Each structure stands twice: as structure tokens, then as C-alpha cells.
Amino acid sequence: MTDTQTRSNAEWAWDAFDSDLYFKHNYDSVRRADAEILDHLGRFFSSAQPRRHGLAIDVGTGTNLYPSLSMLPWADRVTLFERARTNRAWLARQQASPSPSWAEFTARLRAGRPAYDVIADPSTAISDRTEIVAGNVFTLPQNGAFDMGTMFFVAESITQNRHEFERATRNFVGSLKRSAPFVAAFMKESQGYKVGTLEFPALAVDENDIERCLAGLTHNVNLHTVDDTTLRDGYKGMIVVTGFAGRGSASHRK
Ligand SMILES: C[S@@+](CC[C@H](N)C(=O)[O-])C[C@H]1O[C@@H](n2cnc3c(N)ncnc32)[C@H](O)[C@@H]1O
């Protein structure tokens, strides 16, 4: 498909995204792939020495709070930056009454990593230290405001258009301070996904696409592929990228 034959981000029904169904399918307990990703998150942020008392951002939060939880030992606040009205309303309900499953995700982050003891009670952290912001990744301010960041299953899962995938990925990195640590996750070669009866888009990307996109904007980048395809049909695993914002040396694969 060329970009002129594909549907862009603005053409999909984000405000009809069924948050409850998406949460139930993905995050009402810790699935195997997420357990592997949580180990990466915990290990990376614990060794990256993020700035203490900083500001963090999670782009396209949807109904996934574990990337945000993974930053809370260091950041005072996490901005949950989300386009869909339904997901923002769902997140506001979580701030009032967080789901019990976040304790399971936090327990996995804490295993052998004392930095995470401060979020032993994830409910308080979610209620007191997250801020929901309505926003669009394509107009995310490129002013390096954030000290650390996460973006999970967004750039490749919000469009069929390669140019938009690249802009979303670059804008995420551009919102971070130079040398801010980040973790981004991508569905590998996704054909798109359904939430309830509604279809949502994807661009089929692989490790090479992601490396190309981040080159020149990031340093000390590592890619890890999670070989699990049990969540649904139409994808070939998940790619987890850790790194630091700002130009520097090449990437490594594991
Ligand atoms: C596949 S979901 C991923 C949700 C979550 N991060 C996760 O790990 O499951 C894609 C998310 O991106 C949001 N989104 C779609 N277009 C966006 C845009 N232009 N800017 C920011 N978020 C967007 C959707 O509403 C949805 O929450």
C-alpha cells in the first residue's frame, strides 16, 4: 500500500474506543508478554538513573497504566496523554478507583528491584500522581519538557500511514529532554485490531523500520522482540525499545 491508499489517524473513530472491552482483553491480569515487558521496563529504568522528582509522559495511554507505574519511583507526576474521550473518562474513573490488577503489574516491577517499593500501593500512586491530558501526538509540544517517557502500542497502531507512524515516534522522542530515558513498545507486523465490533488501524512495522525512525534522534537504543502471538490474530510479536533522547551512538538488538 502506498500512503495515498491508506487511512490516516484522523479517519478512525477514536472517541468510540470501547475502553472497558480493551482493558478486559488486555490488562485485567498480567499476560505472559506483559510480564516479559515489565521485566525490561523495571531493569531499564532502574539502571538508567532518571532524574528524581521529574515529569514523565505516557503517550496514548488508553487503558494501560503499567508504563506509567514503571516511571513513578522517579517522576513526581506522569502525564497521561490521550486522544480518545472514552479512554480519558475511563482513566478518570481509574484515578477514583484503580483496578486491582495494577497491584499484580506492580508486583512484577518490584521483583528484586527495591526502587519500586515506593509504589507498593499503586492505587495511591495512580490517584495522586497521574494527570490526564487531552492531546494529539501529532501536535505534542516538541519542547523537551519531560524527564522520562513511555509510549506503548501507539505510533504503529493509530494509522496505516508510514509518514504518520514516523511523525508519532519522532514527536514522542521530541517531547523529552536530551538524555531522558524512554521505553516504547510496538506491535510487530500488525494487520490492525478490533475493539468490540470496531476496527482500528495498524502499520505493519518491524525492527528495521523502528531503528530507521529513531536514528539520529536517540542514543544507546536497544531493541528486544517478545515472541508471543497469543493476544489475537494478525501480528508477529512485540518490539520493546529502550533508549535515551538526543543524538548519539548506534542501536543494539537482543
Ligand atoms: C492500541 S491503543 C494503545 C493503548 C495503550 N498504550 C496500551 O499499551 O495498550 C492506541 C492508543 O492511542 C490513542 N490514540 C489514537 N490516536 C492518537 C493520537 N493522534 N494522539 C494520541 N493518542 C492517540 C488511542 O485512543 C489509544 O488509546
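Residues numbered from 1 in each chain as written. Predicted model: local features only at pLDDT ≥ 70, side-chain atom pairs only at ≥ 80, totals over all residues. Heavy atoms only, no water.

Undergrad: Just to check I follow, could you spell out the overall build of the chain for this structure?
TA: In terms of helices and strands, the chain carries 8 helices and 10 strands. Over its C-alpha atoms the chain spans a radius of gyration of 17 Å, differing by no more than 12% from the 18 Å that the globule rule assigns to 254 residues. Projected onto its principal axes, the C-alpha positions of the chain cover 50 × 40 × 35 Å. By residue count, 56% of the 254 residues in the chain fall in the buried class. Residue pairs at least 24 apart in sequence account for 78% of intrachain contacts in the chain once pairs closer than 6 positions are excluded. When the accessible surface of the chain is split by element, carbon and sulfur atoms take 49% of a total near 10,800 Å². One finds the centroid of the 29 positive side-chain charges in the chain at a distance of 4 Å from the centroid of its 30 negative side-chain charges. (Helix = DSSP H or I, 4+ residues; strand = E, 2+ residues; numbered from the N terminus. Rg over C-alpha atoms; globule rule 2.2 N^0.38 Å. Buried < 20%, exposed > 50% of the residue type's maximum accessible area, 1.4 Å probe, protein only. Contact = heavy atoms within 4.5 Å. Areas by Shrake-Rupley, 256 points an atom, 1.4 Å probe, with all protein chains shown as cover. Lys, Arg positive; Asp, Glu negative; His and termini not counted. Charge placed at Lys NZ, Arg CZ, Asp CG, Glu CD.)

Undergrad: Is there a simple way to think about the site of the ligand in this case?
TA: Taken together, 21 residues form the shell around the ligand, and within it Tyr22, Tyr27, Gly60, Glu82 and Phe152 come nearest. Here a nitrogen atom of the ligand and a backbone polar atom of Gly60 are 2.7 Å apart. Isolated, the ligand exposes 590 Å² of accessible area, and the fraction of that covered by the protein chains is 99%. A majority-of-atoms criterion places the ligand in the largest pocket. (Near = heavy atom within 4 Å. Polar contact = N/O pair within 3.5 Å; in protein donor to acceptor, adjacent residues only side chain to side chain. 1 Å grid on protein atoms, 1.4 Å probe; cavity = no way out; pocket = protein on both sides within 12 Å on 5 of 7 lines; lining within 4 Å. Sits in = over half its atoms within 2 Å of the grid points.)

Undergrad: Honestly, the environment of Val241 in this entry has me stumped. Any pointers?
TA: With respect to the helices, strands and loops of the structure, Val241 is situated in strand 9 (residues 238-245). Exposure remark for Val241: the relative accessible area of 0% places this residue in the buried category. Separated by 89 residues in the primary sequence, Val241 and Phe152 have C-alpha atoms spaced 10.0 Å apart. Not counting residues up to four positions away in its chain, the partners in contact with Val241 are Phe182, Val183, Ala184, Phe186, Ile210, Leu214, Val221, Asn222 and Leu223.

Undergrad: Got a minute to help me understand the layout of surface pockets in this structure?
TA: Considered as a void within the structure, the largest pocket measures approximately 730 Å³ in volume. At 5 residues, helix 1 (residues 19-26) tops the list of elements feeding residues into the lining of the largest pocket. Residues of the lining of the largest pocket, tallied by class, amount to 20 nonpolar, 14 polar and 10 charged. (Points joined across faces, edges and corners; volume = space filled by probe spheres on them. Nonpolar A, V, L, I, M, F, W, Y, C, P; charged D, E, K, R; others polar.)

Undergrad: Just to check I follow, could you spell out the packing of helix 1 against helix 4 (residues 85-96) for this structure?
TA: The axes of two packed helices give the description: the angle between them and the distance between them. Remark: helix 1 packs on helix 4, axes separated minimally by 9 Å, with the N-to-C direction vectors making an angle of 65°. Here helix 1 is positioned roughly perpendicular relative to helix 4, judged by the angle of their axes. For the pair helix 1 and helix 4, contact is made by Ser19, Asp20 and Phe23 and by Thr86, Asn87, Trp90 and Arg93, respectively. Classifying every residue of the contact of helix 1 with helix 4 by side-chain character gives 2 nonpolar, 3 polar and 2 charged. (Axes fitted to C-alpha atoms, helices over the stretch in contact; angles between N-to-C directions. Parallel < 35°, antiparallel > 145°, perpendicular 65-115°, else oblique.)

Undergrad: For this particular structure, what's the right way to read the pattern of salt bridges?
TA: Evaluation of the coordinates by the stated rule reveals 14 salt bridges. Note that Glu189 and Lys236 form a salt bridge whose closest N and O atoms lie 3.1 Å from each other. Taken together, the residues Glu189 in the loop between strand 5 (181-187) and strand 6 (193-195) and Lys236 in the loop between strand 8 (218-226) and strand 9 connect sequence positions 47 residues apart. Residue classification places Glu189 among the partly exposed residues on the basis of a relative accessible area of 23%. Each of Arg32, Glu36 and Asp228 takes part in a single network of salt bridges with overlapping partners. (Salt bridge = Lys/Arg side-chain N within 4 Å of Asp/Glu carboxyl O.)

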